[in-house]
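What follows is each chain in one-letter form.
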Number of protein chains: 2
Amino acid sequence: MDVKKELSIRASKAEEIVCKFLPAEEGMQKTILGAMRYSVLAGGKRLRPVLMDETFKLFNGQGEIVDYFMAAMEMIHTYSLVHDDLPAMDNDMLRRGKPTTHAVYGEAMGILAGDALLNYAFETALKSFEDPNVDITKAGKALSVLAKKAGVFGMIGGQVVDVESEKTGQDITEEKLDFIYELKTGALIEASMMIGAILAGASDADISLVENVSSKIGMAFQIQDDILDIEGDESVLGKPIGSDERNAKATYVTFAGINKSKEEVKRLTDEAIELLNQLPNKNEFLQELLQYLVYRDN
Amino acid sequence: MDVKKELSIRASKAEEIVCKFLPAEEGMQKTILGAMRYSVLAGGKRLRPVLMDETFKLFNGQGEIVDYFMAAMEMIHTYSLVHDDLPAMDNDMLRRGKPTTHAVYGEAMGILAGDALLNYAFETALKSFEDPNVDITKAGKALSVLAKKAGVFGMIGGQVVDVESEKTGQDITEEKLDFIYELKTGALIEASMMIGAILAGASDADISLVENVSSKIGMAFQIQDDILDIEGDESVLGKPIGSDERNAKATYVTFAGINKSKEEVKRLTDEAIELLNQLPNKNEFLQELLQYLVYRDN
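Please read all numbers here as calculations on a predicted model, not as lab measurements.

Participant: What is the right way to look at the overall build of chain A in this model?
Facilitator: Secondary structure assignment for chain A yields 14 helices and 2 strands. Relative to the compact-globule value of 19 Å for 298 residues, chain A shows a C-alpha radius of gyration of 19 Å, a close match. Across its three principal directions, the C-alpha atoms of chain A cover 55 × 50 × 35 Å. Here chain A holds 298 residues, and 58% of them are scored as buried. Within chain A, residue pairs in contact and separated by at least 24 positions form 72% of the contacts whose partners lie at least 6 positions apart. Total accessible area on chain A stands at roughly 12,100 Å², and carbon and sulfur atoms take up 48% of it. In chain A, the 32 positive side-chain charges and the 49 negative ones have mean positions that sit 3 Å from each other.

Right, dumping it as structure tokens:
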């Protein structure tokens, strides 16, 4: 299987679904509706909605209930990037080679477009409640996971500790780094796979297994990021390596060394795949995708 | 009835409810949890949760389901103020005589605390789904209204058009001003009263009557604000008058003149009260509160 090609096909499908739910760029608030659309369409691998959809399929999920949540997830991921890029945060004018939202629309509109995307993610997921084919108990459970993993005990929590460590210039501890990795990147990956399982009607035991799998994958994904920043091929990565060292940013490799880091990526991935294999259900693409994410070269 | 005194008793009760739902200031993300609490406790009349609770009572609502939504509503109102005060927006260092959130915690934390409050509002409202005494269909309907009225077709939409008019220095049209008033201030007042009615189990016709009442009250409330900025007593208001004129800010009074504005406040309020009187249910305090809000002197 050509995972990269398959992923790109599924990513395009996910992008179409998100687009379908984005409001049309019209009316008095046209500017912000444009800024929301610009932010979402500025690119990205659409990993989170694809992971959600594939986990939904793993548990034989039926119908279109997952569409609302795929769209909501990508909106939340996008808002977090829009706010991350703001002058008071990372102050980035470019992301994936394109001007960031505040670079195009100004800082005030960058803040408001982020707010609007976060809010619209909930509006979108809540639209599933009006769908007569949707089981509202499942949708409610999925919505609770989405909210919790995106919030102060999820992604925002990780972001806060990361920002705080950078701004105060304090030496980061290994405990803090684990916390940041688990929440900042991990939480939305966990939520994506968990929501896929919940919406497909998986049992509580299976949902908890999926949480475990996705938590290991999220951590391995992040450590691989640190490794690529040292050993990656700039022409494949599409960005310069060595940025962590230049910014004196402590990473997993700083604490564990490069060899131990590679071992850890392998250990976490093996454990995740082994867990997944305990399920009677199979989704070959999901298996390959998880390994590809972790052992990727860009 | 001493409305002012009664309101302050109910506002304290509402504040206690919001506090009960705010997470404890501990753990790795202690700073942001502190910033969230600081923002919510920095004062305010707690009008929105009080209006929600009183509308809930008007329709004989029972139980504690409304508590989750009172807290969620105040968190959304608070996040909107925290983001409004940011340097890229109104750049205010003081609100109600106290340093604003970003003035205390820095700009990055101001952005993140706002995001966290918006997200936590949904987490809080979603906690009602786990309460065995809660009717999940009602809670879902209330949540949809909350999300819609807070978003780009509600409060944020009004805020965007307001910011855009100010930043571009364009002459504002009467149509735009109506749009801003209806959404920026009106939407959350509407949501508050509608959610109270929904959670109490009011009929669709009654919910729509309440939307109508609250829309008129929201508009009258805002026009009264413009009148007070011209004719108010600074010692009662607690802030200098004439700020709209100094900032060359077009208000309802700019278009209609002061007498027509006063007539409009009276017309809207009379209509709202008349509509409310069509209901067999009565809540004397709510009636007086609505009139007090509109004819207030501060």
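Picking up after the structure, the text goes on.
Participant: Whenever I open this one, the interface of chain B and chain A confuses me. Can you help?
Facilitator: How big an interface is tends to be expressed through the accessible area that disappears when the partners come together. The partner chain A presents 50 residues to the 50 residues of chain B that form the contact. In total, about 4,100 Å² of surface goes out of reach between chain B and chain A, with carbon and sulfur atoms giving 76% of it. If you sort the residues of chain B by the area they bury against chain A, M28, Q29 and V152 of chain B come out on top, with a joint share of 16%. Joining chain B to chain A, the criterion identifies 0 salt bridges. Between the two partners, chain B and chain A, sit 8 residue pairs in polar contact (both at pLDDT 80 or more). For the side of chain B that touches chain A, the secondary-structure elements that each account for two or more residues are α2 (30–41), α4 (65–84), α6 (107–127), α7 (136–150), α8 (155–168) and α9 (174–199) of chain B. Looking at which element gives the most residues to the side of chain B that touches chain A, the answer is α6 of chain B, with 13 residues.

Participant: How should the packing of aromatic side chains be read in this particular structure?
Facilitator: The description of an aromatic ring pair uses the distance of the two centres, along with the angle that the planes make with each other. Tallying each qualifying case throughout the model produces 6 aromatic pairs over all chains. Above the ring of F285 of chain B, the side-chain terminus of R10 of chain B is found at 3.9 Å from the ring centroid.

Participant: What should I look at first to understand the pattern of salt bridges in this one?
Facilitator: If charged atoms from side chains of opposite charge come close, those side chains can pair. All names here are of chain A. Here the structure, examined in full by the defined rule, presents 40 salt bridges over all chains. The salt bridge involving R10 is made with E6; its shortest N-O contact spans 2.3 Å. Taken together, the residues R10 and E6, both in helix α1 (residues 3–21) and 4 residues apart, mark about one turn of the helix. In this structure R10 comes out as partly exposed when scored by relative accessible area, which is 22%. Each of the salt bridges in this network shares a partner with another, and the network as a whole consists of E6, R10, K13, D53, E54 and K57.

Participant: Where do I start with the relation of the copies chain B and chain A in this structure?
Facilitator: With an RMSD of 0.0 Å, the fit of chain B onto chain A corresponds to turning through 180° and sliding 0.0 Å along the axis. Viewed as a symmetry operation, the transformation between the two copies matches a two-fold axis. Measuring from the rotation axis to each C-alpha of chain B, the shortest distance belongs to D115 of chain B, at 3.5 Å. Comparing interface residues between copies, 100% of those in chain B also sit at the interface in chain A, which points to an isologous, same-surface contact.

Participant: Which parts of the structure should I look at to understand helix α4 (residues 65–84) of chain A?
Facilitator: Every α-helix winds through 3.6 residues per turn, so residues three or four apart in the chain are directed the same way. The end-to-end C-alpha distance of α4 of chain A is 30 Å, a good match for the 28 Å that 20 residues give at a rise of 1.5 Å each. Of all 20 residues that make up α4 of chain A, 20 are buried, and the element is covered over most of its length.

Participant: Looking at this structure, I do not really get the packing of helix α6 (residues 107–127) of chain A against α6 of chain B. What am I missing?
Facilitator: A packed helix pair is summarised by two numbers, namely the angle formed by the two axes and the spacing between the axes. Two numbers describe how α6 of chain A lies on α6 of chain B: the axes approach to 10 Å, and their chain directions differ by 20°. One element, α6 of chain A, and the other, α6 of chain B, form an angle in the roughly parallel class. As for the relative orientation of α6 of chain A and α6 of chain B, their crossing is right-handed in sense. In this structure, α6 of chain A contributes E107, D115, L118, N119 and F122 of chain A to the contact, and α6 of chain B contributes E107, D115, L118, N119 and F122 of chain B. Residues that form the contact of α6 of chain A with α6 of chain B fall into these classes: 4 nonpolar, 2 polar and 4 charged.

Participant: Could you clarify how one ought to interpret the environment of I111 of chain A in this entry?
Facilitator: Relative to the helices and strands, I111 of chain A is located in helix α6. Taking the relative accessible area as the measure of exposure, I111 of chain A reaches 2% and is therefore buried. A sequence separation of 10 residues divides I111 of chain A from T101 of chain A, and the C-alpha atoms of the two residues are 9.3 Å apart. The residues touching I111 of chain A, leaving out its near neighbours within four places in the chain, are H83 and L86 of chain A together with H83, L86, A88 and M89 of chain B.

Definitions and cut-offs
Each chain carries its own residue numbering, running from 1 in the direction its sequence is written. All chains are assigned letters beginning at A, and all ligands numbers beginning at 1, according to the order in which they are written. Totals for whole chains, interfaces and linings use every residue, but because this is a predicted model, local features are given only for residues with pLDDT of at least 70 and side-chain atom pairs only at 80 or more, for both listing and counting. Side-chain numbers here rest on the full set of heavy atoms in the structure, without hydrogens or water. The helix and strand labels rest on DSSP assignments: H or I over at least four residues marks a helix, E over at least two residues marks a strand, and numbering proceeds from the N terminus. With C-alpha atoms as the basis for the radius of gyration, the globule rule is written as 2.2 Å multiplied by the number of residues raised to the power 0.38. With a 1.4 Å probe rolled over the protein chains alone, any residue whose accessible area is under 20% of its type maximum counts as buried; one over 50% counts as exposed, and the rest are partly exposed. Two residues qualify as a contact provided that any one of their heavy atoms is within 4.5 Å of a heavy atom in the partner residue. Note on areas: these come from Shrake-Rupley sampling with a 1.4 Å probe, and a residue is covered only by the protein chains present in the view. The charge count includes Lys and Arg as positive and Asp and Glu as negative, but it does not include His or the ends of the chains. Charged groups are reduced to one reference atom each: NZ for lysine, CZ for arginine, CG for aspartic acid, CD for glutamic acid. Accessible area that two parts lose when put together, with a 1.4 Å probe and added across both, is what the buried area reports. Basic side-chain nitrogens of Lys or Arg form a salt bridge, by our definition, when they fall within 4 Å of a carboxyl oxygen of Asp or Glu. In protein, a polar contact requires one atom able to donate a hydrogen and another able to accept it; more generally it is a pair of N or O atoms within 3.5 Å, and residues adjacent in sequence count only if both atoms are side-chain atoms. By convention, a stacked pair of Phe, Tyr or Trp rings (six-membered ring in the case of Trp) has centres within 6.5 Å and planes under 30 degrees apart, an edge-to-face pair has planes over 60 apart, and any other such pair is tilted. Placement of a positive charge over a ring is assigned whenever Lys NZ or Arg CZ falls within 6 Å of the ring centre and within 35 degrees of the normal to the ring plane. Least-squares superposition of the copies uses the C-alpha atoms of those residues scoring a pLDDT of at least 70 in each of them. An expected span of 1.5 Å times one less than the residue number is assigned to each helix. Helix axes are fitted to C-alpha atoms over the stretch in contact, other axes to C-alpha atoms as well, and angles between N-to-C directions run from 0 to 180 degrees. The scheme is simple: roughly parallel for angles under 35 degrees, roughly antiparallel for over 145, roughly perpendicular for 65 to 115, oblique for anything else. Throughout, a crossing is termed right-handed when the near helix is turned clockwise from the far one, and left-handed when it is turned anticlockwise from it by less than a right angle. Any residue outside Ala, Val, Leu, Ile, Met, Phe, Trp, Tyr, Cys, Pro, Asp, Glu, Lys and Arg is labelled polar, Gly included; the first ten of those are nonpolar and the last four are charged.

In short, shape yes, function no, at least from these values alone.
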